[in-house]
Amino acid sequence: MPRPIDVPALIEGVRSGDRAALARSITLVESRKPAHRPLARELLRELAPLSGNSIRLGLSGVPGAGKSTFTDALGVLLIEQGHRVAVLAVDPSSSVSGGSVLGDRTRMGALSQSDDAFIRPSPTGLHLGGVARATREAMLLVEAAGFDVVIVETVGVGQSEVAVHGMVDTYLVLMLARSGDQLQGIKKGILELAHVIAVNKADGENAGEARVTARELSIAMKLVSSQSSERRVPVLTCSALHKIGLEEVWQAVLEHRQYLEATYGLSSYRASQQVSWMWSQTEAAVMDSLHGTRRMRRLSQEMEGKVGSGELNALDASSALLREFAAQVPTLDWAQD
Ligand code: GDP
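Basis of the calculations
- Residues numbered from 1 in each chain as written.
- Predicted model: local features only at pLDDT ≥ 70, side-chain atom pairs only at ≥ 80, totals over all residues.
- Heavy atoms only, no water.
- Helix = DSSP H or I, 4+ residues; strand = E, 2+ residues; numbered from the N terminus.
- Buried < 20%, exposed > 50% of the residue type's maximum accessible area, 1.4 Å probe, protein only.
- Areas by Shrake-Rupley, 256 points an atom, 1.4 Å probe, with all protein chains shown as cover.
- Pairing = 2+ DSSP bridges.
- Axes fitted to C-alpha atoms, helices over the stretch in contact; angles between N-to-C directions.
- Contact = heavy atoms within 4.5 Å.
- 1 Å grid on protein atoms, 1.4 Å probe; cavity = no way out; pocket = protein on both sides within 12 Å on 5 of 7 lines; lining within 4 Å.
- Points joined across faces, edges and corners; volume = space filled by probe spheres on them.
- Nonpolar A, V, L, I, M, F, W, Y, C, P; charged D, E, K, R; others polar.
- Patch = residues over 30% accessible without salt bridge, like charges linked within 9 Å, V, L, I, M, F, W, Y side chains within 5 Å.
- Salt bridge = Lys/Arg side-chain N within 4 Å of Asp/Glu carboxyl O.
- Near = heavy atom within 4 Å.
- Polar contact = N/O pair within 3.5 Å; in protein donor to acceptor, adjacent residues only side chain to side chain.
- Expected span 1.5 Å × (residues − 1).
- Core = buried A, V, L, I, M, F, W, Y, C linked by side-chain atoms within 4.5 Å.
- Domains from an automatic or database assignment.

> I'd like a description of the overall build of the protein chain, backed by residues and values.
Across its full length, the protein chain carries 14 helices and 7 strands. Burial analysis of the protein chain (337 residues in total) assigns 49% to the buried set. Taken as a whole, the protein chain presents about 17,000 Å² of accessible surface, with 55% of it coming from carbon and sulfur.

Have a look at this one:
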């Protein structure tokens, strides 16, 4: 029989910086068991006032760009400066592969040795919405436990970038020196999210190429950046392996934070992230519910068939779906789990 969950003890443990209590608390917020959600909410409600005091940094880049090496080296550097560093990860693909690569402790050898670091791999078995929610909540918990830098890692693909961008203050993209003229599959959309870009592996024979890539990217970023933004996205070079240029990258992160503070105010920026989060959660819940009952699923299939065969037009089918949905709304359970 699993031990019953003692929420007050977890709260006390997280408050006092107890790592085992922190790890158990994160497991609780990651849990999919409906009975665990009220406990997780209670935990979060109690600890929320202690959260928010960290520098929240998102980090992405294609596999092999050097994210783990970079996080390890930057984390150690920041700990030397007196910070306490938590590393979280958002990797929805780990639900498919069954194991998370990102945030793996074994890939951050130096950092994982430190008492001032806390490394947590991406939760598994959840779809992106679930991973994003769990990671947001884990971020609050590590902050409540006294970690003042939170690095959230993600691979350079798809919607997880947007999710991480929506939960951090500064979004850093690690790139590699160009191979040919393509931007290694990094889509324009991801560059649009970037607040700071660093071309990694700028060492040895690769150093010159990295500088050229950084210059080219810097020009490209002027075109990508939204017209309204007056801020130029800095494009730097670094070597995570040889620990070159890491201070400069961190400086750029801090400068971006100062920019946020001066333009929006950090708390307003975070508040607007919360508003977006509210809508994305609400929309996701509505979409889930739209397919959540057997009747709705049956009707959806029927309507798809009829529209597909030309028997019914799309608008009429949509109305039928909405009518059925409206009829079901009072019976739906809207608890966010
Ligand atoms: P990730 O998949 O983005 O987390 O990338 P890793 O941190 O695992 O790095 C992938 C490979 O690139 C590893 O073999 C690293 O040792 C190597 N690597 C990472 N950073 C650097 C760097 O700055 N210079 C060089 N030369 N190799 C690096």
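> Explain the sheet that holds strand S4 (residues 149-155) to me, using residue names and the numbers behind them.
Read from one edge to the other, the open sheet built from 7 strands follows the order S3-S2-S4-S1-S5-S6-S7, with strand pairing classed as parallel. Each end of this open sheet is capped by a strand with a single partner; those strands are strand S3 (117-119) and strand S7 (235-237). Strand-to-strand, the axes of this sheet are offset by a mean angle of 25°, without reference to chain direction. Strand direction decides the pairing type here: strand S2 (residues 85-90) and S4, joined by 6 bridges, are parallel. When the sheet's bridge partners are listed, Ala-89 is paired in S4 with Glu-153. Here helix H4 (residues 67-80) sits on the sheet and contacts strand S1 (55-61), S2, S3, S4 and strand S5 (170-175); the angle it forms with S4, its principal contact strand, is near 175°.

> How would you summarise the layout of surface pockets if you had to cite specific residues and measurements?
Reported here for the second largest pocket is a volume of approximately 540 Å³. What lines the second largest pocket is a set of 25 residues, among which Arg-136, Glu-137, Leu-140, Gln-274 and Trp-277 lie closest to the centre. Breaking the lining of the second largest pocket down by element, the ones donating at least two residues are helix H3 (36-47), helix H7 (128-144) and helix H12 (266-290). The element contributing the most residues to the lining of the second largest pocket is H12, with 8 residues. Each residue belonging to the lining of the second largest pocket can be placed in one class, and the counts come to 8 nonpolar, 8 polar and 9 charged.

> Please provide a residue-by-residue account of the pairing of S1, values included.
Most of S1 is tucked away: 7 of the 7 residues are buried. Here S1 shows a buried face lined by Ile-55, Leu-57, Leu-59 and Gly-61 and a second buried face lined by Arg-56, Gly-58 and Ser-60. As defined by bridge partners, S1 adjoins S4 across 7 bridges and the pair is classed as parallel. Directly across from Gly-61, in S4, lies its bridge partner Val-155.

> Any details on a nonpolar patch on the surface? Residues and values, ideally.
A grouping of Val-275, Met-278 and Trp-279 is seen on the molecular surface, where their side chains present a nonpolar patch of about 310 Å² in accessible area. Take Val-275: its relative accessible area is 44%, and that puts it in the partly exposed class.

> I'd like a description of the site of the ligand, backed by residues and values.
The immediate surroundings of the ligand are formed by 15 residues, with Gly-64, Lys-67, Thr-69, Arg-107 and Asp-203 found nearest. The backbone of Lys-67 places a nitrogen or oxygen atom 2.8 Å from an oxygen atom of the ligand. Separating an oxygen atom of the ligand from a side-chain N or O atom of Ser-239 is a distance of 3.2 Å. Here the residues of the shell around the ligand sort into 5 nonpolar, 6 polar and 4 charged.

> So what's going on with the pairing of S5? Residues and values would help.
The buried count for S5 comes to 6 of 6 residues, which makes it a mostly enclosed element. Where burial is concerned, the two faces of S5 agree: the one with Thr-170, Leu-172 and Leu-174 and the one with Tyr-171, Val-173 and Met-175 are both buried. The pairing of S1 with S5 spans 4 bridges and is parallel. Its bridge partner lying in S5, Ser-60 is registered against Val-173. Bridge count for S5 against strand S6 (residues 196-199) is 4 bridges, and the pairing is parallel. For Leu-174, the partnering residue across the bridge sits in S6 and is Ala-198.

> Provide a residue-level description of helix H13 (residues 294-309), including the pertinent values.
For H13, which comprises 16 residues, the first-to-last C-alpha distance of 23 Å matches the rise-based estimate of 22 Å (1.5 Å per residue) to within 8%. Those residues of H13 hidden inside the fold are in contact with H12 and helix H14 (314-328). Of the residues one or two after H13, Gly-310 is the one with positive phi, at around 85°.

> Could you give an account of the pattern of salt bridges, naming the residues involved and the relevant values?
Two side chains bearing opposite charge may form a pair once their charged atoms approach each other closely. The final tally for this structure, using the stated rule, is 10 salt bridges. As a salt-bridge pair, Arg-133 and Glu-137 come within 2.8 Å of each other at their nearest N and O atoms. Of this pair, Arg-133 and Glu-137 are both found in helix H7, 4 residues apart, which corresponds to roughly one turn of the helix. Across this residue pair, the class does not change: Arg-133 and Glu-137 are buried. Salt-bridge contacts for Asp-169 lead to Arg-257; the nearest nitrogen and oxygen are separated by 2.7 Å.

> If you had to explain the nonpolar core to someone new, which residues and values would you point to?
With 52 residues, the main nonpolar core has Leu-22, Leu-43, Leu-141, Val-142 and Ile-197 as its most contacted residues. With 8 residues, H7 is the single largest residue contributor to this core. Residue-level mapping places this core at the junction of two domains, with at least three residues from each of domain 1 (1-50) and domain 2 (52-264). Filtering out sequence-adjacent residues up to four positions away, Val-142 remains in contact with Leu-22, Ile-26, Ala-86, Leu-88, Phe-118, Phe-147 and Val-150. Listed in part, the 30 residues of the second largest apolar core include Leu-57, Ala-73, Leu-174 and Val-196.

The values are spatial; any link to function lies outside them.
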